[in-house]
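Structural overview for review
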Amino acid sequence: TEADGRVLVSRVPFAAPVNAVREGVTNYSLTLGTYRNRLVNSKPGLAQATVRHGFSNTITGYGGLMLSPVYHAGNAGVALNTGLGAFGVDITQASAEISSQETRRGHSVRLSYGKWLEPTSTSISIAAYRYSSRGYLGFEDAMSLRDLHTRGQGTVPDLNRNRFQAILNQSLPDGYGSFSLSGSIQNYWNRSGRDTQYTVGYANSYRRLNYSVTAGRRQNFRSGEWDNQVMVNLNFPLSFGSHTAYA
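This report concerns the structure included in the present document. Sequence order sets the numbering: in each chain, residues are counted from 1 along the sequence as written. With the structure being a predicted model, the display of local features is reserved for residues of pLDDT at least 70 and the display and counting of side-chain atom pairs for 80 or more, all residues being used for whole-chain, interface and lining totals. By convention in this description, side-chain values take in all heavy atoms of the structure and omit both hydrogens and water.

1. A few points about the pairing of strand 10 (residues 194-206)
Here 10 bridges tie strand 9 (residues 178-188) to strand 10, and the two strands are oriented antiparallel to one another. From the neighbouring strand, Ser-182 faces strand 10, where its bridge partner is Thr-199. Linking strand 9 to strand 10, which pair antiparallel, is a turn of 5 residues; within it Gly-193 sits at a positive phi near 85 degrees. Pairing between strand 10 and strand 11 (residues 209-219): 11 bridges, direction antiparallel. In this scheme, strands are said to pair when DSSP sees at least two bridges between them. Strands here mean DSSP runs of E at least two residues long; helices mean DSSP runs of H or I at least four residues long; both are numbered from the N terminus.

Put into structure tokens, the structure is as follows:
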């Protein structure tokens, strides 16, 4: 607002790069808890710590640790913010104690990319996950496999091998909302076939009401049939004197 009352408005386009923070900024977190799953009998304690540091507005380093009595994992990676978009790469090394006679070790490599196209107000986010070793287990898969061994069952949960996911968000002219497209393909080490899923969504607002509609399809790898889902989300404010809540 100028001295003569004129109001000047400028718009600065931005998109948050993958895992990136600004130069000199450090983000960290620490989580302590107990794993609880109604399908798994054991409830091990766990601790997780993460950190991100911006060495410059171009380079961010990040990493983390996850520890429990029967599972250990460490992660390290780097995010690069360039004129062609934001790139990220990281690797996770994990060790899971399945039984007193068996310990599984492996690593997972993740590649990610994001780009904001200002002329068309388009946001593109692409992430490719490759689980490059058969021995790698995420925490949830490790707990499920331990439980199966404890019960004497030989069934092995689906072990991820490769996953590719793409997301596109497109803003429409003022008043017309936005729409999004997303899709993913995933295959596994211990079974043939792949999971395929894609969704399309539209979001907008009418006066004080925000709403969105999403439709998706997912293919069952065993039967080859498609499962269709539609979701409608409504968000509107409820005023209680000087306070506003949302429903």
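2. With respect to unusual backbone geometry
With a phi angle near 55 degrees, Ser-121 is a residue other than glycine that sits in the positive phi range. In this fold, Ser-121 is placed in the loop between strand 6 (102-117) and strand 7 (122-130). Positioned with a positive phi, Arg-207 is a non-glycine residue whose angle comes to about 55 degrees. Examined against the element boundaries, Arg-207 turns out to sit in the loop between strand 10 and strand 11.

3. Some details on the pattern of salt bridges
Working definition: two side chains of opposite charge can pair if their charged atoms are close together. In the sections that follow, a salt bridge refers to a side-chain nitrogen of Lys or Arg positioned within 4 Å of a carboxyl oxygen of Asp or Glu. Scanning all chains against the criterion turns up 5 salt bridges. For the salt bridge of Arg-6 with Asp-4, the shortest nitrogen-to-oxygen distance reads 3.0 Å. Only protein chains enter the area calculation, which uses a 1.4 Å probe; residues under 20% of their type maximum are buried, those over 50% are exposed, and those in between are partly exposed. Residue class for Arg-6 comes out partly exposed when judged on its relative accessible area of 49%. For Asp-4, a relative accessible area of 55% corresponds to the exposed category. Between Arg-218 and Asp-195 there is a salt bridge, and its shortest N-O distance comes to 3.9 Å. Here Arg-218 is found in strand 11, whereas its partner Asp-195 is found in strand 10, with 23 residues between them in sequence. In this structure Arg-218 comes out as partly exposed when scored by relative accessible area, which is 44%.

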